[in-house]
Amino acid sequence: MPAPERIPSRSLTDPELLTLLSEGTLTVLGQVGGASNAVLHCTVAYEGEERTCAYKPVAGEQPLWDFPDGTLAQREVAAYEISRATGWDLVPPTVLREGPYGPGMCQLWIDGPPSDEEAPSLLALVEGEEPGEGWKAVGLAEVGEGRTALLVHADDPRLRRLAVLDAVINNGDRKGGHLLPGPGGRLFGIDHGVTFNADDKLRTLLWGWAGEPLTEEARRVLDRLAAELAPGTALATRMAELITAAELEALRARVAGLVGSGTHPQPSGQWPSIPWPPV
């Protein structure tokens, strides 16, 4: 779907973007195909500024037996709040708001890198049993006619931060299509509706660091996040508005577990560890 024409816009700070997304006028351009829940491609305009955004109305959500409480839209916003608290800003600005089809999630649309900026490869299938320099192995994948190939992801610090974030929010659906390279070498993760379950639901393509020590940066971030999630803090109060009390306690426990182990988590063996389809 081609991007709509937009009025010239200046660079906006995160608070200004949140105001734009929360209070701007939403105009639906069309529906994004292939999604299991309704995803609408929109523009949002406020006080002379206009951006494109994704609007996911709660009315378009399919019920999930293992996520009976709250809404997927609330979980999307909760993932943004945790991403913002880490300082990594891996999730595009996301808000809850009223829209043309009722309440839902509104998220800034991420345009890819400009044509003169090459986006690095993040996922690949390779022959052999070793990933090669600069890559981390995920596992073998069937590629047809009885053949297999090794699924690998880039040994990229941006992906590694995202793997830590996914472990924190208990992401049950980190597919390749949910990784969006942005301008200026940025990387974003999207589609966080199935997160924050109180049970272990981590399903991801980013298992390449499983069992390895966390980076020093990740340790510092997790220490700070644990403090910011303590009862009575602003972040804990905000999260209590978005997820259940049991899910908030499980969130704190996951952060404490990562801090205590000092390592990236490994598949539990009690739940499929890779989402399907993987892309």
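In this numbering scheme, every chain counts its residues from 1 along its sequence in written order. Local features in this predicted model are restricted to residues of pLDDT 70 or higher, and side-chain atom pairs are both shown and tallied only at a pLDDT of 80 or more, whereas totals for entire chains, interfaces and linings draw on every residue. As a rule here, side-chain values cover all heavy atoms of the structure and leave hydrogens and water aside.

1. Digging into the sheet that holds strand β2 (residues 40-46)
Consideration 1: Two strands qualify as a pair provided DSSP detects at least 2 bridges between them. Helical segments are the DSSP runs of H or I of at least four residues, strand segments are the runs of E of at least two, and each set is numbered from the N terminus. Here five strands make up an open sheet; going across it, the order is β1-β2-β3-β5-β4 and the pairing antiparallel. Here the strands that pair on one side only, and so sit at the sheet edges, are β1 (25-31) and β4 (94-99). Ignoring strand direction, the axes of neighbouring strands in this sheet form an average angle of 40°.
Consideration 2: Here strand β3 (residues 49-57) pairs with strand β5 (residues 102-108) via five bridges, running antiparallel. Its bridge partner lying in β5, C53 is registered against L108. Only the stretch in contact is used when a helix axis is fitted, and all axes are lines through C-alpha atoms; the angle between N-to-C directions ranges over 0 to 180 degrees.

2. Observations regarding the confidence of the model for the protein
Consideration 1: The pLDDT score gives, residue by residue, the confidence of the prediction method on a 0 to 100 scale. Considering every residue of the protein, the mean pLDDT works out to 90; 94% of them sit at 70 or more.
Consideration 2: Predicted confidence is poor over residues 1-10, with pLDDT under 50, and the contacts of this stretch with residues over four places away or in other chains come to 22 contacts. Contacts are residue-level and defined by heavy atoms, with any inter-residue pair within 4.5 Å sufficient.

3. What to know about the pairing of strand β8 (residues 147-154)
Consideration 1: Burial classification: accessible surface area is computed with a 1.4 Å probe over protein chains only, and a residue below 20% of its type maximum counts as buried, one above 50% as exposed, and the rest as partly exposed. Along β8, six of the eight residues are buried, which leaves the element largely enclosed by surrounding structure.
Consideration 2: The sheet contact formed by strand β6 (residues 123-126) and β8 spans four bridges and is antiparallel. Bridge pairing in β8 links V126 to L150.

4. Topic: the pattern of salt bridges
Consideration 1: For this analysis, a salt bridge means a side-chain nitrogen from Lys or Arg found within 4 Å of a carboxyl oxygen belonging to Asp or Glu. Summed over the entire model, instances satisfying the criterion amount to 18 salt bridges.
Consideration 2: Salt-bridge contacts for R51 lead to E49; the nearest nitrogen and oxygen are separated by 3.7 Å. Accessibility assignment for this pair places R51 and E49 in one class, buried.
Consideration 3: The salt bridge involving E247 is made with R75; its shortest N-O contact spans 2.9 Å. Here R75 lies in helix α2 (residues 72-86) and E247 lies in helix α6 (residues 245-261), a separation of 172 residues in the sequence.

5. Structural notes on the packing of helix α5 (residues 234-242) against α6
Consideration 1: At a minimum axis distance of 9 Å, the contact between α5 and α6 shows a crossing angle of 135°. Between α5 and α6, the angle is such that the two are oblique. Considering how the two elements wind past one another, α5 and α6 form a crossing that is right-handed. Across from A236, M239 and A240 in α5, the residues of α6 making contact are L248, L251 and R252.
Consideration 2: Amino acids are sorted into nonpolar (Ala, Val, Leu, Ile, Met, Phe, Trp, Tyr, Cys and Pro), charged (Asp, Glu, Lys and Arg) and polar (every other residue, Gly among them). Classifying every residue of the contact of α5 with α6 by side-chain character gives five nonpolar, no polar and one charged. The cut-offs work like this: below 35 degrees is roughly parallel, past 145 is roughly antiparallel, 65 to 115 is roughly perpendicular, and the gaps in between are oblique. Crossings are assigned a handedness: left-handed for a near helix turned anticlockwise from the far helix by less than a right angle, right-handed for a clockwise turn.

6. Remarks on the nonpolar core
Consideration 1: Formed by 55 residues in total, the largest nonpolar core has its most connected members in I82, V168, F196, L229, M239 and L251.
Consideration 2: Those residues in contact with M239, other than ones at most four positions away along the chain, are A78, E81, I82, F196, L229, L248 and L251. To define a nonpolar core, start from buried Ala, Val, Leu, Ile, Met, Phe, Trp, Tyr and Cys residues and group those joined through side-chain atoms within 4.5 Å.

7. Focus: the side chain of D166
Consideration 1: Structurally, D166 is set in helix α3 (residues 157-169).
Consideration 2: Judged by its relative accessible area of 1%, D166 is buried.
Consideration 3: Residues within four places of D166 in sequence aside, it is in contact with N171, R174, L202, T204 and L206.

8. A few points about the packing of α2 against α3
Consideration 1: Interaxial distance between α2 and α3 falls to 11 Å at its minimum, and their mutual angle equals 130°. Here α2 lies oblique to α3, going by the angle between them. As for how α2 packs across α3, the hand of that crossing is right-handed. For the pair formed by α2 and α3, the contact residues are A79, I82 and S83 on the first element and L165, V168 and I169 on the second.
Consideration 2: Here the contact of α2 with α3 is composed, by residue class, of five nonpolar, one polar and no charged.

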